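An overview of the molecular structure
Chain by chain, the residues run as shown.
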Amino acid sequence: MENDHHLATMLFAIERIRADLKAYHPKALLLFGSMARHLAGDPGDHLPNDVDLLVVTNNTPFLVMKKEYGCAMELHSFTVARIVGIAKSLRYDSRPVALSKLYSRVLAKEHAIDVIAAAMMLGTAYGHFGIEQIEVNGIIDTRDYSIHQALMGSGWWERLCRYAVERRGPLMRFTDKIVRNYVFEG
């Protein structure tokens, strides 16, 4: 019974955040983490304890980030250039280069949000790309980090994911530049 109230509070908070973010004209708003896995029916080791969101916008939503929504929330804001840069790296860079870019940001920012964003773009095959699960207390994390839900901008997000998944490699970058197919148009 208490769990139902907790989940209802988080779902209500998601709707309020979604409404508040409209003023920032986001390209996409993504729900990920334990709440997204719970809503997808993925049996987790525990019920969701927070709401993890990633918003793609060039207007950083400072007011939304500071607002209280009645539950624990992590709102990560990416500029369009930053998320498209990750997609471009997944598409064109050699795997070692793309992985080193992703994991160097983990060390610099002390958060794996870039790696999680890449996993969401690549889908369940992110392990085949070379993205490894994050270890928690020395134990491999078996949760699927690709599970997410597009709350806003699903069409744009799907096009970006298709762009990222279509591996072109470093040599194809040159030919794509020649035919002007290098830039993600969205």
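If you're wondering where the values come from, they're calculated on a predicted model, not measured in any experiment.

Right, let's talk about the sheet that holds strand β3 (residues 73-78) for a bit. Read from one edge of the open sheet, 4 strands run β3-β2-β1-β6, paired in mixed fashion. One side of each edge strand has no neighbouring strand; the edge strands of this open sheet are β3 and β6 (148-152). For this sheet, the mean angle separating the axes of adjacent strands, direction not counted, is 25°. Inspection of the sheet shows strand β2 (residues 51-56) paired to β3 by 6 bridges, in the parallel sense.

On to the pattern of salt bridges. Should the charged atoms of two oppositely charged side chains come close, the side chains can pair. By the definition in use, this model includes 9 salt bridges. D20 is paired through a salt bridge with K67; the nearest N and O atoms lie 3.0 Å apart. Of this pair, D20 sits in helix α1 (residues 2-21) while K67 sits in the loop between α3 (62-66) and β3, and the two are 47 residues apart along the sequence. Judged by its relative accessible area of 39%, K67 is partly exposed. What emerges from the salt-bridge pattern is a single network uniting R91, E166, R168 and D176.

Mapped onto the fold, T79 is located in the loop between β3 and α4 (80-92). According to the relative accessible area criterion, T79 is partly exposed, its value standing at 35%. For the pair T79 and M10, spaced 69 residues apart in sequence, the C-alpha separation works out to 25 Å. Filtering out sequence-adjacent residues up to four positions away, T79 remains in contact with V56, T57 and N58.

For the pair α4 and helix α8 (residues 154-165), the least separation of the axes is 8 Å and the interaxial angle reads 30°. The pairing of α4 with α8 is recorded here as roughly parallel in orientation. Contact residues: V80, I83, V84, A87, K88, L90, R91 and Y92 in α4; W156, W157, L160, Y163 and A164 in α8. Of the residues in the contact of α4 with α8, the class split is 11 nonpolar, no polar and 2 charged.

The next subject is a nonpolar patch on the surface. Together, F174, I178 and V179 give the surface a local cluster of nonpolar side chains, amounting to about 350 Å² of exposed area. Here I178 lies in helix α9 (residues 169-178).

With that settled, the discussion passes to the side chain of R91. Examined against the element boundaries, R91 turns out to sit in helix α4. The class for R91 is buried, based on a relative accessible area of 3%. In terms of polar contacts, R91 uses its side chain to reach the side chain of Y92, at 3.1 Å. R91 has contacts with Y163, A164, E166, R167, R168, G169, D176 and N181, leaving out every residue within four places of it along the chain.

Rules used throughout
- Residues numbered from 1 in each chain as written.
- Predicted model: local features only at pLDDT ≥ 70, side-chain atom pairs only at ≥ 80, totals over all residues.
- Heavy atoms only, no water.
- Pairing = 2+ DSSP bridges.
- Helix = DSSP H or I, 4+ residues; strand = E, 2+ residues; numbered from the N terminus.
- Axes fitted to C-alpha atoms, helices over the stretch in contact; angles between N-to-C directions.
- Salt bridge = Lys/Arg side-chain N within 4 Å of Asp/Glu carboxyl O.
- Buried < 20%, exposed > 50% of the residue type's maximum accessible area, 1.4 Å probe, protein only.
- Contact = heavy atoms within 4.5 Å.
- Parallel < 35°, antiparallel > 145°, perpendicular 65-115°, else oblique.
- Nonpolar A, V, L, I, M, F, W, Y, C, P; charged D, E, K, R; others polar.
- Patch = residues over 30% accessible without salt bridge, like charges linked within 9 Å, V, L, I, M, F, W, Y side chains within 5 Å.
- Areas by Shrake-Rupley, 256 points an atom, 1.4 Å probe, with all protein chains shown as cover.
- Polar contact = N/O pair within 3.5 Å; in protein donor to acceptor, adjacent residues only side chain to side chain.

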